[in-house]
Amino acid sequence: MAVVINDTCINCGACIDECPVEAIVDEDDNPTGEEIYYVYADKCVECVGHHDEPACATACPTEGCITWDEIGASPAHRDDVTAEMRSSKANVVN
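> Quick question: what am I supposed to make of the pattern of salt bridges here?
Side-chain pairs of opposite charge can arise whenever the charged atoms involved come near each other. The full count for this structure, using the stated rule, is two salt bridges. One salt bridge connects Arg86 with Glu46, and the closest N-O pair in it is separated by 2.8 Å. Taken as a pair, Arg86 in helix α3 (residues 83-87) and Glu46 in the loop between β3 (38-39) and α2 (55-59) lie far apart in primary sequence, 40 residues in all. The exposure class assigned to Arg86 is buried, which follows from its relative accessible area of 2%. Taking the relative accessible area as the measure of exposure, Glu46 reaches 1% and is therefore buried. The closest approach of N and O atoms between Lys89 and Asp69, which form a salt bridge, is 2.4 Å. In this pair, Lys89 sits in the segment after α3 while Asp69 sits in the loop between β4 (66-68) and α3, placing the two residues 20 residues apart along the sequence. Accessibility expressed as a relative area gives 39% for Lys89, which makes it partly exposed. With relative accessibility at 8%, the residue Asp69 sits in the buried group.

What follows is the structure, encoded as structure tokens:
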């Protein structure tokens, strides 16, 4: 994984518009069937090489909606995010 959108998502679309690699889909295309937006872990690059921090979280109007997740199959991840931040699902933007 990279970042994850939790159930406080209000489906506003701000994150989809900002994702430089089109890793986010809306609730209609969420493979889990949940009524929230979804980040494909294998596509998300945490905006490495694109922005100073994940643009989805910066654009999101819902505090704490987008959190760090464990590193998985994603092609890139931020080196400045600790394992503790990832395992505790810390907010991407504080």
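> How do you make sense of the nonpolar core when you look at a structure like this?
Considering soluble globular proteins, one finds that nonpolar side chains tend to be buried as a cluster. By size, the foremost hydrophobic cluster in this structure holds 20 residues, and its most contacted members are Val3, Ile5, Cys15, Ile24 and Ile66. When residues of this core are traced back to their parent elements, those giving at least two are β1 (3-5), α2 and β4. Beyond its immediate sequence surroundings of up to four residues, Ile66 is in contact with Val3, Val4, Ile5, Cys15, Cys56, Ala57, Cys60, Asn91 and Val92.

Conventions used here
- Residues numbered from 1 in each chain as written.
- Predicted model: local features only at pLDDT ≥ 70, side-chain atom pairs only at ≥ 80, totals over all residues.
- Heavy atoms only, no water.
- Salt bridge = Lys/Arg side-chain N within 4 Å of Asp/Glu carboxyl O.
- Helix = DSSP H or I, 4+ residues; strand = E, 2+ residues; numbered from the N terminus.
- Buried < 20%, exposed > 50% of the residue type's maximum accessible area, 1.4 Å probe, protein only.
- Core = buried A, V, L, I, M, F, W, Y, C linked by side-chain atoms within 4.5 Å.
- Contact = heavy atoms within 4.5 Å.

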